[in-house]
Amino acid sequence: MIKHHTDPSMPHSHLPFSPAVQVGNLLFVSGQASVDPTGQIVDDDFEGEMRRAVGNLEAILNHCGSGLDRIVKTQNYLADPKYRDQYNQLYPQLFRQPFPARTTVTKGLSGTLKYEIDCIAVVGEQ
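Numbering of residues starts from 1 in each chain and follows the order in which that chain's sequence is written. Totals for whole chains, interfaces and linings use every residue, but because this is a predicted model, local features are given only for residues with pLDDT of at least 70 and side-chain atom pairs only at 80 or more, for both listing and counting. The basis for every side-chain value is the complete set of non-hydrogen atoms in the structure, without hydrogens or water.

Draft legend 1. Highlighting the state of the cysteines. Cysteine sulfur atoms that come within 2.5 Å of each other are treated as a disulfide pair. Summed over the entire model, instances satisfying the criterion amount to zero disulfides. There is no disulfide at Cys-119, and the cysteine sulfur nearest it, in Cys-64, is 9.6 Å away.

Draft legend 2. Spatial organisation of the nonpolar core. Membership of the largest hydrophobic core comes to 26 residues, with the highest contact counts inside it found for Leu-61 and Tyr-115. Every helix listed is a DSSP run of H or I at least four residues long, and every strand listed is a run of E at least two residues long, numbered separately from the N terminus. For this core, the secondary structure elements donating two or more residues are strand S3 (26-32), helix H1 (46-63), strand S4 (71-78), helix H2 (84-94) and strand S6 (115-122). In terms of residue count, H1 provides more of this core than any other element does, seven residues in total. Joining through side-chain atoms within 4.5 Å is the link that ties buried Ala, Val, Leu, Ile, Met, Phe, Trp, Tyr and Cys residues into a set, and such a set is a nonpolar core. Only protein chains enter the area calculation, which uses a 1.4 Å probe; residues under 20% of their type maximum are buried, those over 50% are exposed, and those in between are partly exposed.

Draft legend 3. Here's a closer look at H1. Expected helix span is given by 1.5 Å per residue-to-residue step, counting one fewer step than there are residues. The end-to-end C-alpha distance of H1 is 26 Å, a good match for the 26 Å that 18 residues give at a rise of 1.5 Å each. Every buried residue of H1 is accounted for by Phe-46, Gly-48, Glu-49, Met-50, Ala-53, Val-54, Asn-56, Leu-57, Ile-60 and Leu-61. Every residue pair with non-hydrogen atoms within 4.5 Å of one another is taken to be in contact. Its buried side turned inward, H1 meets strand S2 (20-23), S3, S4, H2 and S6.

Draft legend 4. Looking closely at the pairing of S3. At least two DSSP bridges between two strands are needed for those strands to be called paired. One ladder, built from four bridges, connects S2 with S3; its direction is antiparallel. Residue pairing across strands places Ala-20 opposite Val-29, the latter belonging to S3. Strand direction decides the pairing type here: S3 and S6, joined by five bridges, are antiparallel. Bridge pairing links Leu-26 to Val-122 in S6.

Draft legend 5. Layout of unusual backbone geometry. Put simply, Gln-97 and Pro-98 share a cis peptide bond, and its omega is -5°. Mapped onto the elements, Pro-98 comes out in the loop between H2 and strand S5 (101-106). With phi around 60°, Lys-107 is a residue other than glycine that occupies positive phi space. Locating Lys-107 in the fold gives a position in the loop between S5 and S6. Note on Lys-107: relative accessible area 64%, which makes it exposed.

Draft legend 6. Spotlight on the environment of Gln-75. The topology assignment puts Gln-75 in strand S4. Judged by its relative accessible area of 13%, Gln-75 falls in the buried class. Taking C-alpha positions, Gln-75 is 8.8 Å from Ile-120, a pair spaced 45 residues apart along the chain.

Draft legend 7. Structural detail: the sheet that holds S6. In spatial order, the strands read S1-S2-S3-S6-S4-S5; together these six strands make up an open sheet with mixed pairing. Looking along the sheet, the strands with just one partner apiece sit at the ends: strand S1 (2-5) and S5. When strand polarity is set aside, the average angle formed by the axes of neighbouring strands in this sheet is 15°. With seven bridges joining them, S4 and S6 adopt antiparallel strand pairing. What sits directly across from Lys-73, in S6, is Ile-120. This element, H1, spans S2, S3, S4 and S6 of the sheet and lies at about 25° to S6. Axis definition: a line fitted to C-alpha atoms, limited for helices to the stretch in contact. Angles are taken between N-to-C directions and run from 0 to 180 degrees. Contacts from H2 reach S4, S5 and S6 within the one sheet, and its direction differs from that of S5 by about 155°.

Right under this line is the structure:
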């Protein structure tokens, strides 16, 4: 069974996608970026954008009965390779060991965004 998680209290976008889709006990969270509660981009330095994006990701996970500690894989997108060192310094501040599997893509964002993240997580009982 497929369940689309949508709720006005969750971070959302004006673009055509669901914030999260659940299949069984797996939750697929759409890309989260540095946006405010209305979905408008909040320009910031790299650290601010990364922290805001992960905060939005965490809000969706919590709403769906999961959490950062239940993530099995993250996909991370950096606007520029110059952010790679800072990204690797911030990542262990936001995610705890054992770390989820991870993919990082650079030069994959358009516009002013510096960072975006999506994930696959587990919901329900461990």
